[in-house]
Amino acid sequence: MFASTPDEEDFLGILSLIFWTLSLIGVFKYVWVVLQADDHGEGGTFALYSLLCQHMRMGNNARKLSERSAKSDSQLSHFHRIGDSMVGGNKVRVWLEGNKKAQQVLLAVVMMGTCMLIGDGVLTPAISVLSAVQGIQVPAPSVTNMVIVWVSATVLIVLFMAQKYGTDKVSFLFSPIMVVWFLATPMVGVYNIAKHYPSVFKAFSPRYIFLFFKNNGKHGWLMLGGIVLCITGAEAMFADMGHFNRLSIQLAFCFVVYPSVILTYAGQAAYLIIHPNDYLQGFYKMVPTPIFWPMFLIATLAAIVASQSLITATFSVIRQSMALDYFPRMKVVHTSEDKEGQIYSPEVNYIVMVLCLVVLFGFRSATDIGNAFGVAVVFVMVITTCLVTIVMLVIWQTPWPLVIVFFSIFICVEGVYLTSVVTKVPQGGWLPFAISIIVAIIMASWNNGRQKKFDFESKNMLTKENLGKMLIDIGNFRVPGICFFYSDLLHGVPPIVSHYVRNVRALHKVLIFTTIRHIPVKTVLPTERFLVGRIGFKGVYRCVVRYGYMDMMNAENTDFVEQVVESLIEHIESSLLPLEHWELKEAGDSVTEIRYILEAKEAGAVYVLGRSELKLEKTSSYLDRVLAGTFYPFLNNICRSAHSSMKIPPQNFLEVGMCYDLN
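Being a predicted model, the structure only gives us computed values, none of them experimental.

Before going further, it helps to examine the overall build of the protein. When you go through the protein residue by residue, the secondary structure sums to 23 helices and 8 strands. Taking as baseline every contact in the protein between residues at least 6 positions apart, the subset at least 24 positions apart corresponds to 84%. Entry remark: accessible area of the protein is about 28,900 Å², with carbon and sulfur atoms responsible for 63%.

This is the structure:
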C-alpha cells in the first residue's frame, strides 16, 4: 500500500516490475528452464529430488540397498541412467555422494519446499476467491465484509466438494470460463489503454524501475511483497505437470496467459494513472459499468480455476511424499483412466478445505492473506532455483558460466523479493511457516518411525539356518495356499515370521516374503514390477514389488497373485542359478515345483502384515522419544491402515501384533 496518493511514475514503475518479473521468472525460468527438469512428466520439489536420486547414489540410504538391487533399479525403463561420461567426472555429484551432511541439508530443503507448497495449497483458494468476491463492494459498498467472507466460504466448499469428480471433469467444466477470461480481461485492458493512457507500454523500460525505487525508497522495497503476487501461479504450473504436459503448458503460457496478463496489468495501470485514488480496487474499477456483472462472474469463476491448480498440486506433492515414505498413508484415487497423474485424495481434500475456511474466517482480509501467501510463494521459488541449479550441474552438465548466470540472476531477483516478504511475517506471513513446521514434524516423525522399524527388522531378522530349523519343527503342519509375509527387508527373513509361528504353530505350503519398494521414478512398468527368487527351501520364495511414486498398489483383484505366480514360474523356468542348495526333494524337477505353486494358488492366498508397537526406554535420545515414541504411534493410529493403502482384500488379511524393542 502506498504511503500517499501514487502518481504516474509510481504506476509505471509497478507495471515495469510486473512485466520484468513475469518475463524473467514466469517465461524464462519456469517455462523454458524449470519445466525441462521433470521426472517423466512429473514436476514439483519431490520430483526434482527424485531426479537427483536417480543420477546420484543418495536417497536410498534408508533401506541400505545392495549393489545388485541398485543395479536392478537402474535398469528400469523409467529410470534415468547415469551416462558413462558422468561417472567419476562430475565434481558436484562426487561431492554430494560423499557428503552425508550435504545430503541431509538437501533433503531438508526439499521437505521445506514441499511443506511451503502445501501451505500454498491452503492459502491460494482462500485469497483467490476472497479477492474475486470482494468486487461486489464496488457497485454495492454497503455489503459488509462478513457477507463477503460467507459468500467466499460457500464458493470454496462447492469447489472442494467437486474435487472427487477429477481434474479432467472439473477442467472440462471451467475451460470455457478460462477462454472467456483470457479474452475478456485483455480486451478490457486494451480499452483502458486506448481511452486513458496509450503510451503506457513505455513502462517496459527498466528505467521506470529505477525511478520507482528512487522516488519511494524503503517503502518501494516493502511494496515488493505485493508485487510478487503477480507470479504466484508459476510453481503450481510446475507441480501440476502430471495433470497436463510440458508442451501444452509452454504454449498456453507464452501465447495465451503471458500476453493476456500483461495487457490486463497495462490497462489497469493506464486507468489508475488517470484515477490514482482507485488503486485499492483497480481491477474492478477499470471495468466499464455495462459489463461489470459479467466480468465479476467470470473473475469469480477464474479464481476457482486458480484455486484448482494448487489443490491438485497439493494432491500430487503429498502422493509423492507418501510414496517416498515421508508422509502417513492416505487414500489416493485415480480420477482418469488415461492420465495416471490425475489423482484425488479425500482426506487431503477435506483437511485442506477446513484449513482454507479457518484462514478465511481468521483473517477476513485479502491483504493479510496476501502477506502470508507472498512468503510461501517466494520461499518455494528460491528453493526451486537452488534445486534446478544442482540439476543443471549434475544431470544436464551445463557449462559453469551459464549455471552461474542462471543462479545469480534468479537468486538475486527472488532474494530481493524474499527480503521484502519476510517483513510481512508479523502481518500474517507467519502462517505459512506455522503450516510448514506442522507438516515438517509430520514428515520427520513418519520417516523416523519407519526407519526405526526397518533398523529393528534388519537387526533381528532370521538367518537361513533358523528358518530351516523352524520348517523342520513345523513338519507336516503346512496349510494349503500361499502366504504373503510383508516386510521392509530386501534380504533375509523378517522377525514377524518366528512371532507368527510361535502363536499360530503352522505355515502355508508356499511362503512368499514380500517387500514393497517405492522407486524414485514416476512409474514402473508391469513387466518390470516383480523381482522374485528362491530362498532355499521347499515352497519358500522372496518377492520384491516395485512401484513408482505415481503407481497405485492393488492386491484386491486376482491380478496381483497371478502376476507373482507368473513371475515365479518364469524365474524357475529360466533360472541359471545353481541348485546345489535347493532342497526340493519331493518335487525333483521344475515341472513338479511349478505344479506345487499352482496348487497352492488354487487353494487361495492370505496376506500377513505386522502391526508394530515401538518401545523406547528413557535412555533413548529426546528426539527419538518425541518423533518415534510419541508422534509416529499417533500418526500410525490415525492414518489409513497399511492393508487399506495396499488394497489387500479384508477377507484374506491377517494382522499380527508385535512389540519392537528399540533399545
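Moving on: the sheet that holds strand E8 (residues 653-661). In a beta sheet, neighbouring strands pair by backbone hydrogen bonds and run either parallel or antiparallel. Within the open sheet, the 6 strands sit side by side as E5-E6-E4-E3-E7-E8. Their pairing is mixed. Here the strands that pair on one side only, and so sit at the sheet edges, are strand E5 (530-534) and E8. For this sheet the average axis-to-axis angle between neighbouring strands, irrespective of direction, equals 25°. Note that strand E3 (residues 478-486) and strand E4 (residues 507-518) share 7 bridges and pair parallel. When the sheet's bridge partners are listed, Tyr486 is paired in E4 with Thr514. Across the sheet, helix H17 (residues 430-460) touches strand E7 (605-615) and E8, and the angle it forms with E8 is around 85°.

Looking now at the packing of aromatic side chains. A complete count under the given rule lists 24 aromatic pairs for this structure. For the pair Phe19 and Trp20, a centre-to-centre distance of 5.2 Å together with 80° between the ring planes defines the contact as edge-to-face. Ring geometry for Phe201 versus Phe204: centroids 5.6 Å apart, planes at 70°, classification edge-to-face. Given the relative accessible area of 22%, Phe204 is considered partly exposed. Every member of this aromatic cluster is reached through a ring pair, and the members are Trp181, Phe283, Tyr284, Phe292, Trp293 and Phe296. Lying over the aromatic face of Tyr208, Arg207 brings its terminal NZ or CZ to 5.2 Å of the ring centre.

Along helix H18 (residues 464-474), the residues that are buried comprise Leu467, Gly468, Met470, Leu471 and Ile474. Mapping the buried residues of H18 onto a view down its axis gives an arc of 160°, with all of them on the same face. Turned more than 90 degrees away from the buried face of H18 sit Glu465, Lys469, Ile472 and Asp473, all of them exposed. Those residues of H18 that are buried are in contact with E3, helix H19 (496-504), E4 and strand E6 (540-547). One or two positions beyond H18, positive phi appears at Gly475, with a value near 65°.

What follows is about unusual backbone geometry. Only a minority of non-glycine residues have a phi that is not negative, and only a minority of peptide bonds are not trans. The phi dihedral of Arg364 falls on the positive side, at around 60°, and the residue is not glycine. Given a relative accessible area of 39%, Arg364 falls into the partly exposed group. A positive phi is found at Arg505, a non-glycine position, where the angle reads about 60°. In this structure, Arg505 sits in the loop between H19 and E4. The class of Arg505 is exposed, set by a relative accessible area of 60%.

Right, let's get into the pattern of salt bridges. A complete count under the given rule lists 8 salt bridges for this structure. A salt bridge links Glu8 to Lys202; its shortest N-O distance comes to 3.7 Å. Here the residue Glu8 occupies a position in helix H1 (residues 8-31), and Lys202 occupies one in the loop between helix H7 (167-196) and helix H8 (207-222), the gap between them amounting to 194 residues. Between Glu593 and Arg534 there is a salt bridge, with its nearest N and O atoms 2.9 Å apart. You can see Glu593 sitting in helix H21 (residues 590-603) and its partner Arg534 sitting in strand E5, a full 59 residues away along the chain. Among the ionic contacts, a cluster of salt bridges with common partners joins Asp325, Arg450 and Asp488.

Within the fold, Asp325 resides in the loop between helix H13 (292-323) and strand E1 (333-334). Judged by relative accessible area, which is 17%, Asp325 ranks as buried. Among the polar contacts made by the side chain of Asp325, one reaches the side chain of Arg450 at a distance of 3.3 Å.

Along the polypeptide, Arg546 turns up in strand E6. A residue is classified by how much of its surface remains accessible, and Arg546, at 4% relative accessible area, is buried. Polar side-chain contacts of Arg546 include one of 2.7 Å to the backbone oxygen of Glu528.

A few words on the packing of H1 against helix H11 (residues 246-274). As a packed pair, H1 and H11 sit with axes 9 Å apart at the nearest point and diverge in direction by 175°. On the basis of the axis angle, H1 is roughly antiparallel to H11. Within the contact between the two elements, H1 uses Glu8, Phe11, Leu12, Leu15, Ile18, Phe19, Leu22, Ser23, Gly26, Val27 and Val31 and H11 uses Gln250, Phe253, Cys254, Tyr258, Val261, Ile262, Tyr265, Ala266, Ala269, Leu272 and Ile273.

Next up on the list: the pairing of E4. With respect to burial, E4 is a largely interior element, 10 of its 12 residues being buried. In terms of strand pairing, E4 meets E6 through 8 bridges, oriented parallel. Of the residues in E6, the one forming a bridge with Leu511 is Val540.

For the protein, mean pLDDT is 82; residues scoring 70 or higher make up 87% of the total. Here residues 82-89 is modelled with pLDDT under 50, and outside its nearest four sequence neighbours on either side it reaches 12 contacts, counting other chains as well. Here residues 576-588 is a poorly scored stretch, pLDDT under 50, and it has 18 contacts once near neighbours within four places are set aside; other chains count.

Turning our attention to the packing of helix H5 (residues 100-133) against helix H15 (residues 366-394). In contact at an axis separation of 8 Å, H5 and H15 are set at 145° when each is read in the N-to-C sense. Between H5 and H15 the crossing geometry is left-handed. Among the residues making up the contact of H5 with H15, the classes are represented as 21 nonpolar, 4 polar and 1 charged.

Definitions and limits used
All residue numbers refer to positions counted from 1 along the written sequence of the respective chain. For a predicted model such as this one, the threshold for reporting local features is a pLDDT of at least 70, and the threshold for listing and counting side-chain atom pairs is 80 or more; totals across whole chains, interfaces and linings nevertheless cover every residue. Only hydrogens and water are removed before side-chain values are computed, so all heavy atoms of the structure are retained for them. A run of H or I in DSSP becomes a helix once it reaches four residues, and a run of E becomes a strand once it reaches two; helices and strands are each numbered from the N terminus. Two residues qualify as a contact provided that any one of their heavy atoms is within 4.5 Å of a heavy atom in the partner residue. For the area figures, the Shrake-Rupley method with a 1.4 Å probe applies, and any residue is considered shielded solely by the protein chains shown. Strand pairing is assigned whenever DSSP detects at least two bridges linking the two strands. To obtain each axis, a line is fitted to C-alpha atoms, and for helices this fit is confined to the stretch in contact; angles are then taken between N-to-C directions over 0 to 180 degrees. Whether two aromatic rings pair depends on their centres lying within 6.5 Å, for rings of Phe, Tyr and Trp, where Trp uses its six-membered ring; planes under 30 degrees apart make the pair stacked, over 60 edge-to-face, and the rest tilted. For every residue, the accessible area (1.4 Å probe, protein chains only) is compared with the maximum for its type, and the residue is labelled buried under 20%, exposed over 50%, or partly exposed between those bounds. Distance and angle both matter: a charge sits over a ring if NZ of Lys or CZ of Arg is within 6 Å of the ring centre and within 35 degrees of the ring normal. The reported arc concerns the directions from the helix axis to the C-beta atoms and nothing else. Any Lys or Arg side-chain nitrogen found within 4 Å of a carboxyl oxygen on Asp or Glu counts as a salt bridge. What qualifies as a polar contact is a pair of N or O atoms within 3.5 Å, subject to a donor-acceptor requirement within protein and to the restriction that residues adjacent in sequence count only when both atoms come from side chains. Angle categories: roughly parallel below 35 degrees, roughly antiparallel above 145, roughly perpendicular from 65 to 115, and oblique for all the rest. You can read pLDDT as the predictor saying how much it trusts each residue, on a scale of 0 to 100. Left-handed is the label given to a crossing in which the near helix is rotated counterclockwise from the far helix by less than a right angle, and right-handed is the label when the rotation is clockwise. Charged means Asp, Glu, Lys or Arg here, nonpolar means Ala, Val, Leu, Ile, Met, Phe, Trp, Tyr, Cys or Pro, and polar covers whatever is left, Gly included.

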